[in-house]
Protein chains: 2
Amino acid sequence: MMRINIKECADILSNQDNILIITHAHPDGDTLGSGFALCRALLKLGKKARVICADEIQTKYLNAIGELEMPEFKEDFVVAVDVATINLLGDIAESYGDKIDLCIDHHNSNTGYAKYTLLDGTAAAACETVMEVIKALGVSIDKDIANCLFTGISTDTGCFRYASTSAATFKAASELVELGAENGKINRIMFETKTKTYAAIERLALEGMQFFLNDRVCVITVTQDMYKQTGSQESETEALPSLTRQIEGVEVGLTIREKTNGECKCSIRTFERVDASKLAAFFGGGGHSQASACRFECSVEEAKKLLVEKCEELLG
Amino acid sequence: MMRINIKECADILSNQDNILIITHAHPDGDTLGSGFALCRALLKLGKKARVICADEIQTKYLNAIGELEMPEFKEDFVVAVDVATINLLGDIAESYGDKIDLCIDHHNSNTGYAKYTLLDGTAAAACETVMEVIKALGVSIDKDIANCLFTGISTDTGCFRYASTSAATFKAASELVELGAENGKINRIMFETKTKTYAAIERLALEGMQFFLNDRVCVITVTQDMYKQTGSQESETEALPSLTRQIEGVEVGLTIREKTNGECKCSIRTFERVDASKLAAFFGGGGHSQASACRFECSVEEAKKLLVEKCEELLG
């Protein structure tokens, strides 16, 4: 593995053609924004380029980044964007995991699986780095590219809310809006729109919200019955965990979702005082210090009991 | 009334001392950020300056903009910031309404009540304009001033979510973060923290959410009884109106709050198709095209009926 800089990355891409770009599985705004922005830039240079992904792309992302017709070809060069490890490629890891020529990423945990790696761990989004690469390629950023890049930056920063948002992030956003990015429309799609079924399950989840240990632990539970009752599904409920942590005084937020096989999964959100990855690790899971997850081969009620007991130990 | 530009505004302020700065009543992040940023800048120039406000400042704003010791003095010059009409001064309108020398604002509806008016209707926040005035005054923006200005810009744009957020807004945010604004901390205080009493009333409000006209109109009602039941109060419920508009398919969101005297107030939120200020104007209120408000001298239920009828007319 060789670490490269922006200019070297642009030089390498300039010398290649028939470029396949791969996003991570369960694709989010940053991996898609990075992939499609780079693809559009390479197409503008007269190259053949295509983006692929192990899973279906949610409509909201397609609406934000815009659809793109891409040519078919046999790839000569493979680029992964916003992918920290080959496991995250999902079902296409087997076909491409050992064939990644170039990786553009912003995760410090990147395992260095690619031949060349362009990694900026200070970037709030991979799109920040892709933007610099596109400039170095000499491609002028048009409205479509700007929309892709803005989507990635906006979604990976929780709409500029997270502490990861830097002066450089805001500067990139300013440039992209200047270049035509439809920030109002994109943010409305990504942050202001709840499906009716999500709104219904969110309401049920809030109704059933419970507090433990002097209100320092907040628990939301989502059962299969609640999915049936509201017509919602698990893929829609990614915003629920953040609700647990928003309440004043809460130090640990737990969102326990029942799976179809009777097992369940818990998303953990914490603030500085409690390390979410440690709590998850105790139950065989993992993640970041303020956001992690673990699984249980038991009922939601039993999992809740185990988790609250462990929280009592950690919170002292 | 005389319209002035940034430079003229700075020149006028440079020639004054004993400057009283007034925010609007029920102060929000933009009026407070503008007032305290300007006050800090004038104090740095060796002038006497003080900020006053008709109502108490919520703790969350104090935590974001930082506390400031201000001198006592008899004012020679009065500045209003982010105040579109003298009515918005609240209980101090009577004492100062006809004594405003200078107004710095970003509302196109500004009534021109001040002797000099610096108005930039394209600014997403009054703080964007105050920032330019501070620069023109020759004051270097320190971390405290940057925090005030960032708070105003971030809150008035819904954390950079609204379509009013321009390239210039992002550029200002970038500069402020560069100058030391604690964007992560401020956004967490303003957008990631709910009091327990607010969480309780939000839950009740969502439980009682109603839909009309094929789900194109969403109504939240907040009664005095709900405040009693949850220990919450009206000043805490400013985030409720945005909940109405977030649901897919909703074109008009109405949040009707019962006042202590049995009258009620409605906050209106819309998307492009419906002009919120027109709907409010029909009932004697006003505001912006996507956010407005009006009052009713009747019960919540009657107001709801009147509003939904009018919506039926507007939505056709």
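In this text the structure is predicted, and so the values were computed from the model without any measurement. (Residues numbered from 1 in each chain as written. Chains lettered and ligands numbered in written order. Predicted model: local features only at pLDDT ≥ 70, side-chain atom pairs only at ≥ 80, totals over all residues. Heavy atoms only, no water.)

Novice: Looking at this structure, I do not really get the side chain of B:Ser154. What am I missing?
Specialist: Residue and element names in this part refer to chain B. Relative to the elements of secondary structure, Ser154 occurs in helix α6 (residues 143–156). Judged by its relative accessible area of 0%, Ser154 falls in the buried class. Not counting residues within four places of it along the chain, the set of residues in contact with Ser154 comprises Cys159, Phe160, Asn187 and Phe191. (Helix = DSSP H or I, 4+ residues; strand = E, 2+ residues; numbered from the N terminus. Buried < 20%, exposed > 50% of the residue type's maximum accessible area, 1.4 Å probe, protein only. Contact = heavy atoms within 4.5 Å.)

Novice: Any chance you could explain the confidence of the model for chain A here in plain terms?
Specialist: Caution applies to low-pLDDT parts of the model: their predicted coordinates are not meant to be read in detail. Taken residue by residue, chain A gives an average pLDDT of 94. The fraction at 70 or more is 100%. Two summary scores accompany this predicted model of the complex, namely pTM at 0.88 and ipTM at 0.87. (pLDDT = per-residue confidence, 0-100.)

Novice: How should I be thinking about the relation of the copies chain A and chain B in this particular structure?
Specialist: Applying a rotation about an axis and a shift along it to one chain copy brings it onto the other copy. Between the two copies, chain A and chain B, the superposition gives an RMSD of 1.4 Å; the rotation angle is 180 degrees and the shift along the axis is 0.2 Å. Expressed as a symmetry operation, the mapping of one chain copy onto the other fits a two-fold axis. In this assembly, 100% of the residues forming the interface of chain A have copies in chain B that are likewise at the interface, indicating an isologous arrangement. (Least-squares fit on C-alpha atoms with pLDDT ≥ 70 in both.)

Novice: Even after reading the chapter, I still don't get the packing of aromatic side chains, so can you show me in this structure?
Specialist: Summed over all chains, the structure comprises 13 aromatic pairs over all chains. Judged by centre distance (5.8 Å) and plane angle (50 degrees), the ring pair of A:Phe150 and A:Phe160 falls under tilted. Of this pair, A:Phe150 sits in helix α6 (residues 143–156) while A:Phe160 sits in the loop between α6 and α7 (167–178), and the two are ten residues apart along the sequence. An identical accessibility class is assigned to A:Phe150 and A:Phe160; each is buried. Ring geometry for B:Phe283 and B:Phe296: centres 4.9 Å apart, planes at 50 degrees, overall tilted. Residue B:Phe283 is located in the loop between α12 (276–282) and β11 (286–287), and its partner B:Phe296 is located in strand β12 (residues 291–296); the two are separated by 13 residues in the primary sequence. Each member of the pair, B:Phe283 together with B:Phe296, is buried. A cation over a ring is seen here: A:Arg50 above A:Phe73, with NZ or CZ 4.6 Å from the ring centre. Over the ring of B:Phe282 we find B:Lys310, and its NZ or CZ is 3.5 Å from the ring centre. (Phe/Tyr/Trp six-rings, centres within 6.5 Å; stacked < 30°, edge-to-face > 60°. Lys NZ or Arg CZ within 6 Å of the ring centre and 35° of its normal.)

Novice: Can you walk me through the pattern of salt bridges in this structure?
Specialist: Close approach of charged atoms allows side chains of opposite charge to pair. Residues and elements named next belong to chain A. Using the criterion set out here, one finds 40 salt bridges over all chains in the structure. A salt bridge links Glu301 to Lys304; the shortest N-O distance between them is 3.3 Å. Placement of the pair is Glu301 and Lys304 together in helix α13 (residues 300–315), with a separation of three residues, close to one helical turn. Glu301 gets classed as exposed once you look at its relative accessible area, which sits at 51%. Taken together, the shared-partner salt bridges in this structure form one network comprising Glu132, Lys135, Lys171 and Glu175. (Salt bridge = Lys/Arg side-chain N within 4 Å of Asp/Glu carboxyl O.)

Novice: Please clarify how the state of the cysteines should be interpreted in this entry.
Specialist: In this structure the tally under the stated criterion is zero disulfides over all chains. Among the cysteines around A:Cys159, which has no disulfide bond, B:Cys159 carries the closest sulfur, lying 6.0 Å off. Residue classification places A:Cys159 among the buried positions, given a relative accessible area of 2%. In this structure B:Cys9 is not part of a disulfide, and its nearest cysteine sulfur, from B:Cys103, lies 9.6 Å away. The class of B:Cys9 is buried, set by a relative accessible area of 0%. (Disulfide = S-S within 2.5 Å.)

Novice: In this structure, what is going on with the interface of chain A and chain B? I would like to understand it.
Specialist: Interface size is commonly expressed as the accessible area that is lost once the parts come together. Taken together, the contacts link 40 residues of chain A with 40 residues of chain B. Counting each side, the surface lost to burial between chain A and chain B is near 3600 Å², with a carbon and sulfur contribution of 54%. Linking chain A to chain B there are six salt bridges. The residue A:Arg245 makes a salt bridge to B:Glu192 at a minimum N-O spacing of 3.2 Å. At the junction of chain A with chain B, the criterion picks out 20 residue pairs in polar contact (both at pLDDT 80 or more). Elements supplying a minimum of two residues to the side of chain A that touches chain B: α7, α8 (183–191), α9 (196–207) and α11 (240–245) of chain A. Ranked by residue count, the leading element in the side of chain A that touches chain B is α7(A), at seven residues. Residue composition of the side of chain A that touches chain B, by class: 17 nonpolar, nine polar and 14 charged. (Buried area = accessible area lost by both parts, 1.4 Å probe. Polar contact = N/O pair within 3.5 Å; in protein donor to acceptor, adjacent residues only side chain to side chain. Nonpolar A, V, L, I, M, F, W, Y, C, P; charged D, E, K, R; others polar.)

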